[in-house]
Amino acid sequence: MPEKAKIITVTGGKGGTGKTLVAVNLATMFKNAGKRVLLIDGDVENPNTYLLMNGELENKAPVYFFKPSIIETKCSKCGLCSKNCATHALLHVDGQYPIPFLTVCSGCKLCYKICPEEAIKEDYKTIGWTYETKKNNMDLWIGELKPSEARSAAVVEALLDNLKELLEKEPQKYDIIVLDTAPGAHCDVELLLESADLIVPVTEPTKFGKLDLLRIIELIELLGKPYKAIINRSSLLGFKEKFLEELERKDIEILGDIPLDDEIVQSYCQGDPLMDENSNFNKEGEGYKSFITIFENLNKWIREKKTASMEGA
Amino acid sequence: MVIVAVPSGGNGGLTSILNPRFGRCESFTFVTVEDGEIKQVKTLPNAASDAMGGAGIQAAQTLGNNNATVAIVGNLGPNAAQALGSLNIKLYQAPNQQITVKDVVQEYIDGNLQELSGANVGSHFGMGGGFGRGRGGAGGGGGGRGRGRNL
Ligand code: SF4
Ligand code: SF4
């Protein structure tokens with residue numbers, strides 16, 4: 001029986017650790033292995049997976065966000081909306097019409113629902129976009145937050161709504177879905193972690209890298225998800241051994257590490273994924289070999305999970 | 001006659017100290033000034049002092065509901081500035097030093113305070129870093145960083 005797609009979420013406590021590099025190349029290796037792959041870029045403030053793949057932003061669809069607007073001809077100036085708005089986004093002074101403050105409004109629609117005069121219009125503003133693209137034989141979904149907007153989680157939610165719909169309608173369309181998250185441990189990252197079957201936090205062997213890794217792992221453990229870390233730039237200043245030891249002491253399992261490697265930098269600049277079967281990177285390079293090892297470990301992990309869940313059933 | 005609102009510490013009043021955190025001060029002292037003299041004083045606790053968000057807006061609302069037409073402020077974020085602006089409340093910059101409500105109102109009466117055209121700090125300035133990711137001044141706020149105060 002064909003199975004439901006496996007969702008692998010790549011994350012990192014801190015920006016610039018190489019999440020996107022890992023997400024793009026993992027997706028690429030699955031595709032090389034003949035899997036049907038969907039890559040979702042959920043780093044909506046800074047989506048750049050498509051740049052790493054020389055892709056284009058196509059099939060743009062707006063993401064809407066509720067915005068209250070007051071119909072003055074109906075409003076009785078009662079102030080009920082303002083009193084009940086949890087974020088105090090509606091300024092109301094006795095005898096005046098309420099004034100919405102959109103930068104604070106959470107879009108909860110409560111005001112719209114409770115207004116006794118139906119004086120709040122259901123209005124929407126565009127806070128970002130989603131894109132659906134095909135590149136290198138895999139599908140790519142991208143979320144982008146409009147500059148000047150702050151509600152990145154709403155764009156991530158739009159991506160996840162699309163994903164949910166896909167999984168309901170065509171649960172077997174893809175074998176593997178790779179999600180790339182924003183850095184940090186805030187609410188839109190949490191949404192993407194929640195959807196994952198397996199989580200791969202990417203870090204680097206520095207003090208900051210470790211702190212941020214521990215922070216994101218705390219969140220992952222809270223969500224009760226299985227995870228294994230990848231250490232990027234592992235040859236950095238010879239910190240790797242000590243770093244590995246520390247992770248072992250904390251019982252953090254490692255999927256593999258990626259050394260500093262010129263070809264990785266080059267693949268970045270060219271927008272050709274290092275691991276693409278059609279790329280002409282050196283198959284004996286350190287970076288290339290490290291990804292092969294990571295991919296083997298990842299597949300082993302997926303198989304273990306599968307047996308475990310079958311035994312559990 | 002003007003009603004001057006001053007964000008104040010403790011329970012407020014003429015002898016209390018001006019609190020520079022507009023949205024999150026403990027209380028507001030409303031001072032009625034007529035013919036260059038202080039005629040009446042009223043105090044109110046600030047319901048927004050520990051609000052989750054939109055404290056500046058809620059605080060502005062308190063000022064509006066108490067008919068203030070002038071506010072003397074220390075730090076003012078973009079939302080509060082915009083909210084006070086839309087209520088046509090005139091803003092004056094308090095001196096950057098510890099000062100009682102009475103003295104600062106006297107400075108206002110004497111014409112020693114500068115009028116303020118908008119926000120003078122970014123959003124969540126007075127929040128002690130509560131919000132996860134600092135995200136600069138909230139877009140669309142009134143006037144950005146009018147006059148940086150050296151704190
Ligand atoms: S609840 Fe409705 S009628 Fe009352 S002030 Fe708000 S918009 Fe106006
Ligand atoms: S949608 Fe929710 S947050 Fe926005 S103004 Fe209405 S009640 Fe407030």
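The coordinates are above.
It should be emphasised that the depicted structure is a prediction, and the values quoted were computed from it without experimental measurement.

1. Some words on empty space enclosed by the protein
Residue and element names in this part refer to chain A. Inspection of every chain in the model, using the stated rule, returns 3 cavities of 30 Å³ or more. Around the second largest cavity, the lining comprises 14 residues; the ones closest to its centre are Cys75, Cys78, Cys81, Cys115 and Ala119. Classifying every residue of the lining of the second largest cavity by side-chain character gives 10 nonpolar, 2 polar and 2 charged.

2. Thoughts on the pattern of salt bridges
Between side chains of opposite charge, pairing is possible as soon as their charged atoms come close. All names here are of chain A. Scanning all chains against the criterion turns up 14 salt bridges over all chains. With its nearest N and O atoms 3.1 Å apart, the salt bridge here joins Glu122 to Lys109. One end of the pair, Glu122, is in strand β6 (residues 120-135); the other, Lys109, is in the loop between β5 (99-100) and α4 (110-114), and 13 residues separate them in sequence. With relative accessibility at 34%, the residue Glu122 sits in the partly exposed group. Accessibility expressed as a relative area gives 23% for Lys109, which makes it partly exposed. One salt-bridge network, held together by shared partners, links Lys19, Asp43 and Asp180.

3. As for the environment of Phe30 of chain A
All names here are of chain A. With respect to the helices, strands and loops of the structure, Phe30 is situated in helix α1 (residues 19-32). A sequence separation of 116 residues divides Phe30 from Lys146, and the C-alpha atoms of the two residues are 31 Å apart. Once residues lying within four places of it in the same chain are set aside, the contact partners of Phe30 are Ile8, Lys35, Val37, Ile176, Phe295, Leu298, Asn299 and Ile302.

Quick notes on the rules
Residues numbered from 1 in each chain as written. Chains lettered and ligands numbered in written order. Predicted model: local features only at pLDDT ≥ 70, side-chain atom pairs only at ≥ 80, totals over all residues. Heavy atoms only, no water. 1 Å grid on protein atoms, 1.4 Å probe; cavity = no way out; pocket = protein on both sides within 12 Å on 5 of 7 lines; lining within 4 Å. Points joined across faces, edges and corners; volume = space filled by probe spheres on them. Nonpolar A, V, L, I, M, F, W, Y, C, P; charged D, E, K, R; others polar. Salt bridge = Lys/Arg side-chain N within 4 Å of Asp/Glu carboxyl O. Helix = DSSP H or I, 4+ residues; strand = E, 2+ residues; numbered from the N terminus. Buried < 20%, exposed > 50% of the residue type's maximum accessible area, 1.4 Å probe, protein only. Contact = heavy atoms within 4.5 Å.

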